[in-house]
Amino acid sequence: MRRAVCPGSFDPVTNGHLDIIGRASRLFDEVIVGVLINESKRGLFTVDERIEMLREVTGSYDNVRVESFQGLLVDFCRTQRAAVVVRGLRAVSDFDYELQMAQMNIGLAGVETLFMPTSPLHSFLSSSLVKDVAKWGGDVSPHVPDVVRERLRERLHRPGS
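Residues numbered from 1 in each chain as written. Predicted model: local features only at pLDDT ≥ 70, side-chain atom pairs only at ≥ 80, totals over all residues. Heavy atoms only, no water.

K.L.:
Any chance you could break down the overall build of the chain for me, citing the residues and the numbers?
P.N.:
Across its full length, the chain holds 6 helices and 5 strands. A compact globule built from 161 residues would reach a C-alpha radius of gyration of about 15 Å, and the chain, at 16 Å, matches this within 12%. Taken along the three principal axes of its C-alpha coordinates, the chain extends 55 × 30 × 30 Å. Every one of the 161 residues in the chain was classed for burial, and the buried ones make up 45%. In the chain, the proportion of contacts linking residues at least 24 apart, taken out of those at least 6 apart, comes to 76%. For the chain, the accessible area works out to roughly 9000 Å², and carbon and sulfur atoms hold 53% of it. On the chain, the mean spot of the 20 positive side-chain charges and the mean spot of the 21 negative ones are 1 Å from each other. (Helix = DSSP H or I, 4+ residues; strand = E, 2+ residues; numbered from the N terminus. Rg over C-alpha atoms; globule rule 2.2 N^0.38 Å. Buried < 20%, exposed > 50% of the residue type's maximum accessible area, 1.4 Å probe, protein only. Contact = heavy atoms within 4.5 Å. Areas by Shrake-Rupley, 256 points an atom, 1.4 Å probe, with all protein chains shown as cover. Lys, Arg positive; Asp, Glu negative; His and termini not counted. Charge placed at Lys NZ, Arg CZ, Asp CG, Glu CD.)

Structural data, given as C-alpha cells:
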C-alpha cells in the first residue's frame with residue numbers, strides 16, 4: 001500500500017491545504033493528514049478543533065484520515081507506515097526551508113518528500129494571513145471551506161462589531 005503523510009498545523013485549514021490533500025489522495029492509496037501538536041505555540045484553534053474541521057472537510061475522500069502527532073515527523077511516518085511526506089510549495093521562498101527538512105527526514109529515517117506546487121489560486125494563501133484578514137472582519141470565504149469561515153467568525157467575533 002502506498003501511504004503518505006501531509007503534515008501541518010492547519011490553524012486553520014485553508015483551500016490551499018485541501019488542494020494539496022486532494023491531489024495527494026489521487027496519487028496514494030492512503031493519505032494521513034498529520035496535525036502537529038506544538039505545545040510551545042498557542043493556536044487560534046485547539047488541536048481537537050483542527051482535527052474536527054479537517055475530518056469534516058476531507059470527509060468526501062475515502063482514502064484520507066486525520067491524526068495528531070507530537071515530536072519528529074519521521075517518527076510519526078514510521079508509526080503510520082508511511083514512506084512519503086507530501087508538502088505544498090507556494091513560492092520559491094518555501095523551497096529552501098522545505099528542502100532542508102526533506103534532506104533531514106531522508107537522512108534520519110529514509111522518508112522521502114514529494115514537493116507539490118500549489119495551485120496559482122492559492123499560492124499567496126497561509127493560515128496566518130487568513131486569521132489576520134478574518135480578525136479584522138475581511139471576507140475569507142474564497143480561501144477557506146464554509147465550516148472554517150463560520151468557526152473563524154465565531155472565534156474572532158468582537159462584541160459591538
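After presenting the structure, the write-up continues.
K.L.:
A description of the sheet that holds strand β4 (residues 84-89) should follow, citing residues and the corresponding values.
P.N.:
Backbone hydrogen bonds hold the strands of a sheet together, and the pairing may be parallel or antiparallel. Pairing within the open sheet is parallel, and its 5 strands lie in the order β3-β2-β1-β4-β5. The sheet is open, and its two borders are formed by β3 (64-69) and β5 (112-117), each paired with just one other strand. Taking each pair of neighbouring strands and ignoring which way they run, the sheet shows an average axis angle of 30 degrees. Packing of helix α4 (residues 92-109) onto the sheet brings it into contact with β4 and β5, and relative to β5 it is tilted by some 160 degrees. (Pairing = 2+ DSSP bridges. Axes fitted to C-alpha atoms, helices over the stretch in contact; angles between N-to-C directions.)

K.L.:
I'd like a description of the nonpolar core, backed by residues and values.
P.N.:
If you look at the biggest cluster of nonpolar residues, it comprises 31 residues, and the most contacted ones within it are I21, L54 and V86. Counting residues per element, the ones that place at least two in this core are β1 (3-8), α1 (15-27), β2 (30-36), α2 (47-57), β3, β4, α5 (127-135) and α6 (146-156). Looking at which element gives the most residues to this core, the answer is α2, with 5 residues. Counting residues in each nonpolar core, the second largest holds 10 residues, with V5, F69, F76 and V85 among its members. (Core = buried A, V, L, I, M, F, W, Y, C linked by side-chain atoms within 4.5 Å.)

K.L.:
An account of helix α3 (residues 73-80) is requested, with residue identities and associated values reported.
P.N.:
Within α3, burial applies to L73, V74, F76, C77 and Q80. One side of α3 holds all its buried residues, which, seen down the axis, span an arc of 160 degrees. Contacts from the buried residues of α3 go to β1, β2, β3, β4 and α4. Downstream of α3 by one or two residues, R81 has phi in the positive range, about 55 degrees. (Arc of directions from axis to C-beta.)

K.L.:
How would you sum up the layout of surface pockets? Please name residues and give values.
P.N.:
Reported here for the largest pocket is a volume of approximately 1400 Å³. Lining the largest pocket are 48 residues, with P7, G8, S9, F10 and R87 positioned closest to its centre. Mapped onto the lining of the largest pocket, the elements with two or more residues apiece are β1, α1, α2, α3, β4, α4 and α5. Here the residues of the lining of the largest pocket sort into 21 nonpolar, 17 polar and 10 charged. (1 Å grid on protein atoms, 1.4 Å probe; cavity = no way out; pocket = protein on both sides within 12 Å on 5 of 7 lines; lining within 4 Å. Points joined across faces, edges and corners; volume = space filled by probe spheres on them. Nonpolar A, V, L, I, M, F, W, Y, C, P; charged D, E, K, R; others polar.)

K.L.:
Lay out the packing of α2 against α6 with the relevant residues and their values.
P.N.:
Viewed as axis vectors pointing N to C, α2 and α6 meet at an angle of 155 degrees, and their least axial separation amounts to 10 Å. Judged by the angle between their axes, α2 and α6 are roughly antiparallel. Within the contact between the two elements, α2 uses E49, E52, M53, E56 and V57 and α6 uses V147, V148, R151 and R155. (Parallel < 35°, antiparallel > 145°, perpendicular 65-115°, else oblique.)

K.L.:
Describe the pairing of β3, naming the residues involved and giving the relevant values.
P.N.:
Two elements, β2 and β3, share 6 bridges in a ladder whose sense is parallel. Paired with V31 across the bridge in β3 is V64. In this region the chain leaves β2, passes through α2 and returns to the parallel neighbour β3; the handedness of that crossover is right-handed. (Right-handed = clockwise from strand over helix to strand, strands pointing away.)

K.L.:
Let's hear about the side chain of D11: which residues, and what values?
P.N.:
In this structure, D11 sits in the loop between β1 and α1. For D11, a relative accessible area of 5% translates into the label buried. Residues in contact with D11, not counting those within four places in the same chain, are G43, L44, F45, R50, S127 and K131.

K.L.:
Please set out a nonpolar patch on the surface residue by residue, giving values where relevant.
P.N.:
Side chains of L72, M104 and L108 sit close together on the surface and give an oily, nonpolar patch of about 300 Å² of accessible area. Structurally, the position occupied by L72 is in the loop between β3 and α3. For L72, a relative accessible area of 47% puts it in the partly exposed group. (Patch = residues over 30% accessible without salt bridge, like charges linked within 9 Å, V, L, I, M, F, W, Y side chains within 5 Å. Salt bridge = Lys/Arg side-chain N within 4 Å of Asp/Glu carboxyl O.)

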